[in-house]
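Structural description and commentary
Each chain, letter by letter, is given below.
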Number of protein chains: 2
Amino acid sequence: MTAPAALGFIGIGLMGRPMALRLLDAGHRLTVWNRSRDKLAPVLARGATAADTPAAVARAADVVMICVTDQRSVRDVLFGADGVAAGGAPGKVVVDFSSIAPAAAREYAARLEAECGMGLVDAPVSGGVPGAEKGTLAIMAGGRAEHVDRVRPLIAHIAQRFTRMGDSGAGQATKLCNQVIVGSLLPVLAEAVRLAEAAGVDAAMLPEALRGGWADSIPLQVFAPRMAARAWSPPLGAADTMLKDLDNALALAREGGIELPMLRDAAQRYRLLSERGLGGEDPAALIRLLGRD
Amino acid sequence: MTAPAALGFIGIGLMGRPMALRLLDAGHRLTVWNRSRDKLAPVLARGATAADTPAAVARAADVVMICVTDQRSVRDVLFGADGVAAGGAPGKVVVDFSSIAPAAAREYAARLEAECGMGLVDAPVSGGVPGAEKGTLAIMAGGRAEHVDRVRPLIAHIAQRFTRMGDSGAGQATKLCNQVIVGSLLPVLAEAVRLAEAAGVDAAMLPEALRGGWADSIPLQVFAPRMAARAWSPPLGAADTMLKDLDNALALAREGGIELPMLRDAAQRYRLLSERGLGGEDPAALIRLLGRD
């Protein structure tokens, strides 16, 4: 499957566009669909073919990739009128890059196989738009090993890391673990910055002083300076989006019968931000909950 | 000051020994003192000279380095009978690698200058015994710029990073910020591991799946596998030691009139561990608070 394959790509948005462009640049034929058709222009200009429905994408392609904003969109694209299931066939595989609940990923995989015989790999991504543009995304996959292995050569064009974590839903569960760590670390970083300030230390120097050590991380390097400067524009993401992920993680914990107190407290910080009307702000705004301004 | 200097080193323990050995290997003359004299053997074998008291070290050396276990030991070494202050003189500088409260560092600096005219740089280290052996420690310094700059060429033999964060106490305050981040991250990592398990994902794969991304850090790579395996021996440190640091950070926050809820909750996790008689265990044992065993 290193030879050009017949691919489909559904969802040509902020993330989907650079991913689709990289696949086109690698020489693959791409049939594309997007709810707003005008978003297709950049990929059509590079040789992609527009389809009228997700079902038409599934008929034209052996591997259908999906990158949409939320669970409802995934469901509509797969199982709505003229959805992927209506055009799919055994032997074909869907790779869903969207972030949705693990239980939904399991349900959709079972339903897709029952309705049309297609496989489904849940493959949420980490790395944002820059990672999608550079092909350096990290992708956590769930699904049958044969399906994951089959799409691996294609994914190599868009990700530097593609790890099968288990059966359907395992990719989504791993993405939530990722969000638990990042989402809890951000309010901790706000507290470290605030403590430095309160102690008379120049908090803007923390990332440099701690670089390469146990306290270092990409969030320290990216967010601590923004927190110290009280500057969160242009935004790197919305606090409310993180809150949605943390609430999904809390729901997953409840399903598993476990309590995660640090996560619960972190989610509470984002909720406070939201209640103050700051949920649309960058998470760097978390430092505003700690006084001084 | 790149020429060999007359140095003193007080506290030849787990951390102090490799630091002293690196300074000897770099060609510096070293006068040493340790409360238990038998610990001196490895450095005497490499050419160091033993002194009978900290005061004698201060008389023999231009720069006196201290690396002891706690605040009381620092105070005794500096201001006890035959302490450094009794042998010090203007123009000489003390570098204290120990981790103590920022307020104590400020007080000791003022008192040392008043009693004998010596400067004091607070210079707590991060990187542990491996960092001390390899000379890759990160050191956060507080004190007068002239004192920090004077010892910088010597520190280059034992640390890869030596950052002046401000006046006396700023190094200790920065070390506490470091501990706030690491100490709060560890219980978060335990929760991410536990969530993966509850969702049926192989938690031992998390470090590899998340490597290089926003959730990555040295603690993820080092501690998540230990947590997943419920294996914390040989210990990388004691939970109670971290709790002491987090309580010092909470005290510093109170002095500054700020509340740090994530830090308070993290400290509470270590306190629970301690109450269950597990305070001497490695912090990886935090995962035992989350059920299953």
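Residues numbered from 1 in each chain as written. Chains lettered and ligands numbered in written order. Predicted model: local features only at pLDDT ≥ 70, side-chain atom pairs only at ≥ 80, totals over all residues. Heavy atoms only, no water.

**Comments concerning helix α9 (residues 170-198) of chain B**
Just so we agree on the cut-off: Helix and strand assignments follow DSSP, with helices taken as H or I runs no shorter than four residues and strands as E runs no shorter than two, numbered in order from the N terminus. A helix is expected to span 1.5 Å for every residue after the first. Three labels apply to residues, based on accessible area from a 1.4 Å probe with only protein chains included: buried if under 20% of the type maximum, exposed if over 50%, partly exposed otherwise in between.
Across its 29 residues, α9 of chain B extends 42 Å between first and last C-alpha, which sits within 8% of the 42 Å expected from 1.5 Å per residue. For α9 of chain B, the tally of buried residues reaches 28 of 29 residues, placing the bulk of the element in the interior.

**Let's talk about the pattern of salt bridges**
Residues and elements named next belong to chain A. Basically, it comes down to this: Salt bridge, as applied in this entry: a Lys or Arg side-chain nitrogen positioned within 4 Å of an Asp or Glu carboxyl oxygen.
Using the criterion set out here, one finds 28 salt bridges over all chains in the structure. Where Arg-46 meets Asp-25, a salt bridge forms, and the shortest distance between an N and an O atom there is 2.8 Å. Here Arg-46 is found in the loop between α2 (41-44) and β3 (49-50), whereas its partner Asp-25 is found in helix α1 (residues 16-25), with 21 residues between them in sequence. By relative accessible area, Arg-46 is classed as partly exposed at 45%.

**Describing the side chain of Thr-163 of chain B**
For clarity, the threshold we go by: Residue contacts follow a heavy-atom distance rule, with two residues in contact if any of their heavy atoms lie within 4.5 Å.
Within the secondary structure, Thr-163 of chain B sits in strand β9 (residues 159-166). Look past the residues within four positions of Thr-163 of chain B in its chain and what remains in contact with it is Met-205 and Ala-209 of chain A together with Ile-139, Met-140 and Ala-141 of chain B.

**What to know about the relation of the copies chain A and chain B**
Between the two chain copies there is a screw-like relation: a rotation about an axis and a shift along it. In plain terms, the rule: For this overlay, a least-squares fit was computed on C-alpha atoms, restricted to residues scoring pLDDT of at least 70 in both copies.
Superposing chain A onto chain B requires a rotation of 180 degrees together with a translation of 0.0 Å along the rotation axis, leaving an RMSD of 0.1 Å. A rotation of that kind, with that shift, is consistent with a two-fold axis. Among all residues of chain A, the minimum C-alpha distance to the rotation axis is found for Ser-217 of chain A, at 2.7 Å. Of the interface residues in chain A, 100% have counterparts in chain B that sit at the interface too, so the contact is made through matching surfaces.

**Details of the domain arrangement of chain A**
Residue and element names in this part refer to chain A. So the rule is basically this: Source of the domain bounds: an automatic or database domain assignment. Summed over both partners, the accessible area lost on bringing two parts together, with a 1.4 Å probe, is the buried area. Amino acids are sorted into nonpolar (Ala, Val, Leu, Ile, Met, Phe, Trp, Tyr, Cys and Pro), charged (Asp, Glu, Lys and Arg) and polar (every other residue, Gly among them).
Here the domain parsing of chain A yields domain 1 (6-167) and domain 2 (173-290). It is Ser-99, Pro-102 and Met-140 that lose the most area in domain 1 upon contact with domain 2, and together they represent 51% of the buried surface on that side. For the pair domain 1 and domain 2, the interface holds zero salt bridges. Split by residue class, the side of domain 1 that touches domain 2 holds five nonpolar, two polar and one charged.

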